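# A structural walkthrough
Residues per chain are reported as follows:
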Amino acid sequence: MQLDRKNLNRLLALNDRQLQAIVEKLASEYGLDLSRFQIRPGDMESLRNAIRNASDNDLLELTKQLKNGR
């Protein structure tokens, strides 16, 4: 998934269950282990706020980190 405004807006349009499933799928694809994290009801709203407030530089840096496996 390319991290751009269009795709982020699509993520924001999903319900909590769908958003959680996408996050888990992407984490798995990038080799991230989220098993130690328990997702609580307020976590999806926090994630939505982070998505809304992400700058273009934040997206670029995250893309670089994911490509490098960090």
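Residues numbered from 1 in each chain as written. Predicted model: local features only at pLDDT ≥ 70, side-chain atom pairs only at ≥ 80, totals over all residues. Heavy atoms only, no water.

### Some remarks on the overall build of the chain
The line we're drawing: Numbering of helices and strands runs from the N terminus; a helix is a DSSP stretch of H or I covering at least four residues, while a strand is a stretch of E covering at least two. The globule rule used for comparison is 2.2 Å times the number of residues to the exponent 0.38, while the radius of gyration itself is calculated over C-alpha atoms. Any residue under 20% of the maximum accessible area for its type is buried, any over 50% is exposed, and the rest in between are partly exposed; the area is computed with a 1.4 Å probe on protein chains only. Residues are treated as being in contact if the distance between any of their heavy atoms lies within 4.5 Å. Here, Shrake-Rupley sampling with a 1.4 Å probe gives the accessible areas, and only protein chains in the shown set may cover a residue. Positive residues here are Lys and Arg, negative ones are Asp and Glu, while His and the chain termini are left out of the count. We put the charge of a Lys on NZ, of an Arg on CZ, of an Asp on CG and of a Glu on CD.
When helices and strands are counted, the chain shows 4 helices and 0 strands. Relative to the 2.2 N^0.38 estimate, which gives 11 Å for 70 residues, the radius of gyration of the chain is 12 Å and therefore close to what a compact globule would have. Considering only C-alpha atoms, the chain reaches an extent of 30 × 25 × 15 Å along its principal axes. The buried share of the chain, taken over its 70 residues, is 16%. Looking at the chain alone, contacts between residues at least 24 apart form 74% of all its contacts between residues at least 6 apart. Accessible surface for the chain amounts to roughly 5,500 Å². Of this, 50% is attributable to carbon and sulfur atoms. Across the chain, the centroid of the 12 positively charged side chains sits 3 Å from that of the 10 negatively charged ones.

### Comments concerning the layout of surface pockets
Note the threshold: Space inside and on the surface of the protein is sampled on a 1 Å grid over the protein atoms alone, with a cavity defined as a set of points where a 1.4 Å probe fits but cannot get out and a pocket as an open set with protein on both sides within 12 Å along at least 5 of 7 lines; lining residues have an atom within 4 Å of a point. Grid points are joined across faces, edges and corners, and a volume is the space filled by probe spheres set on the points. Here the nonpolar group is Ala, Val, Leu, Ile, Met, Phe, Trp, Tyr, Cys and Pro; Asp, Glu, Lys and Arg are the charged ones; every other residue, Gly included, is treated as polar.
By volume, the largest pocket amounts to about 840 Å³. What lines the largest pocket is a set of 29 residues, and nearest its centre among them are Val23, Leu26, Leu32, Leu47 and Leu62. Within the residue set of the lining of the largest pocket, elements represented by two or more residues are α1 (5-13), α2 (16-29), α3 (43-53) and α4 (56-67). In the lining of the largest pocket, the residues fall into 22 nonpolar, 4 polar and 3 charged.

### So, the side chain of Arg48
Examined against the element boundaries, Arg48 turns out to sit in helix α3. Residues in contact with Arg48, not counting those within four places in the same chain, are Leu11, Leu12, Leu14, Asn15, Asp16 and Leu19.

That's the geometry; what it means functionally is another story.
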